[in-house]
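Residues per chain are reported as follows:
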Amino acid sequence: MAWTILSRTLVTRWSLQYSSPSSFISKSQYFASVLPKRQFFVAAGLSNFAYKPHRSIFRNMSSATLASQASFSVQSLSTKEPVVSVEWLHANLREPDVKVLDASWYMPDEQRNPLQEYHVAHIPGALFFDIDGISDRTTDLPHMLPSEEAFAAAASALGIENKDAIVVYDGKGIFCAPRVWWMFRIFGHDRIWVLDGGLPRWRASGFDVESSASSDAILKSSAASEAVEQVYRGQRVGPVTFQTNFRPHLLWSLQQVQKNREDKAYQHVDARSKARFDGVVPEPRKGIRGGHIPGSKCIPFPQMLDSSQTLLPSDELQKKFETEGVSLDEPILVSCGTGVTACILTLGLHRLGKTDVPVYDGSWTEWAMNLDLPAVTCVQE
């Protein structure tokens, strides 16, 4: 019953948000992804969870840290470090002030459904955070940052309070969880960490997963997206248990990026692949031209991670930026395709002590849709 309610809610949200000709997904793709096909999904989807532990999986931690990390209390966690280990989460999973969010999301061409994958396997007690659902309803751009009121309503519907320590993960390791980490931080909540290695590492460590979501968990996830809809329709929501404190310096607009092209106050780093940055392969969203914003540099987001999809240690992260001519002593702005993987760069920079890095939310998709704005390709360079 709860699954049916959530499916209907998401179908309704799609019809409201993606009914225009400029939609990024087709109706057939959406219904195929949302309507339950459990038997097929279990058979096909489990291959997505394959994971090979890497021999250097713990190389960014000392042996003393590994020995004691599981005993770290919630209160002892430092917000200067943006990730926590699966061992720590396993040891603290039942703490009342620890909330876990599954923020899995995938690129349009991957044809993976994060909600169905959540229903098949998720960390016990985790709630599904819908990146597309908890987003701005006033734009055709996908999953843009919602308003303060809408985010507060969504977080409250999920049962999150300001006192909570939040751990967010995704189904790839570190891919879209940093986006949710950034969203909470931009609204003033620093007590949030990304699970290092995500669900693949959790499973590889032998920790249990739940194979079905409780009715309460499904209804909360559905209520969060519905609360956002209500706010944008001007309807009252409540009760609000999460208070926001917006930090505008962490969010950049197209106009700010345009101005930065002139004054060059910030170094602009693009997290997309080099091929997309150079415009030699098509963008994953149809109708979006290739290339990059003039003056930007390319550091593909996988360079922030090791082969086990965990965040690199500080010395290696520093080398990645220095190799591309990005000074850690100067301000940095990050972008990507639609503001998701740029947050992985932000995560790495946070580990390096740069905690005030803004994200250009509209990123390349917004820039490229404005055909009067310049774009650079490798041919032009």
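What counts and how
- Residues numbered from 1 in each chain as written.
- Predicted model: local features only at pLDDT ≥ 70, side-chain atom pairs only at ≥ 80, totals over all residues.
- Heavy atoms only, no water.
- Pairing = 2+ DSSP bridges.
- Helix = DSSP H or I, 4+ residues; strand = E, 2+ residues; numbered from the N terminus.
- Contact = heavy atoms within 4.5 Å.
- Axes fitted to C-alpha atoms, helices over the stretch in contact; angles between N-to-C directions.
- Core = buried A, V, L, I, M, F, W, Y, C linked by side-chain atoms within 4.5 Å.
- Buried < 20%, exposed > 50% of the residue type's maximum accessible area, 1.4 Å probe, protein only.
- Parallel < 35°, antiparallel > 145°, perpendicular 65-115°, else oblique.
- Left-handed = near helix turned anticlockwise from the far one by under 90°.
- Nonpolar A, V, L, I, M, F, W, Y, C, P; charged D, E, K, R; others polar.

Draft legend 1. Spatial organisation of the sheet that holds strand 2 (residues 98-102). Within the open sheet, the five strands sit side by side as 1-5-4-2-3. Their pairing is parallel. Two strands bound the open sheet, and with one partner strand each, they are strand 1 (83-84) and strand 3 (127-128). One ladder, built from two bridges, connects strand 2 with strand 3; its direction is parallel. Looking across to strand 3, one finds that D102 is bridged to F128. Its contacts with the sheet place helix 8 (residues 177-186) against strand 2, strand 4 (165-169) and strand 5 (192-195), and it is angled at close to 175° to strand 5.

Draft legend 2. Quick peek at the nonpolar core. Within the largest apolar cluster, 67 residues are counted, with the highest numbers of intra-cluster contacts made by L101, F129 and F184. In terms of residue count, the dominant contributor to this core is helix 8 (seven residues). The contacts of L101, once residues within four sequence positions are left out, are L127, F129, L158, I160, I166, V167, V168, Y169, V180 and F184. Membership of the second largest hydrophobic core comes to 19 residues, among which are W88, V167, L195 and F207.

Draft legend 3. Focus on the packing of helix 8 against helix 14 (residues 342-351). At a minimum axis separation of 8 Å, helix 8 and helix 14 run at an interaxial angle of 70°. Considered as vectors, helix 8 and helix 14 are oriented roughly perpendicular to each other. Of the two possible hands of crossing, helix 8 and helix 14 adopt the one that is left-handed. Residue-level contacts link P178, R179, W181, W182 and R185 of helix 8 to C343, I344, T346, L347 and H350 of helix 14. Tallied by class, residues from the contact of helix 8 with helix 14 come to six nonpolar, two polar and two charged.

Draft legend 4. Quick peek at the side chain of T346. With respect to the secondary-structure elements, T346 resides in helix 14. Given a relative accessible area of 2%, T346 falls into the buried group. Those residues in contact with T346 that lie beyond four places of it in its chain are W181, V334, V357 and V359.

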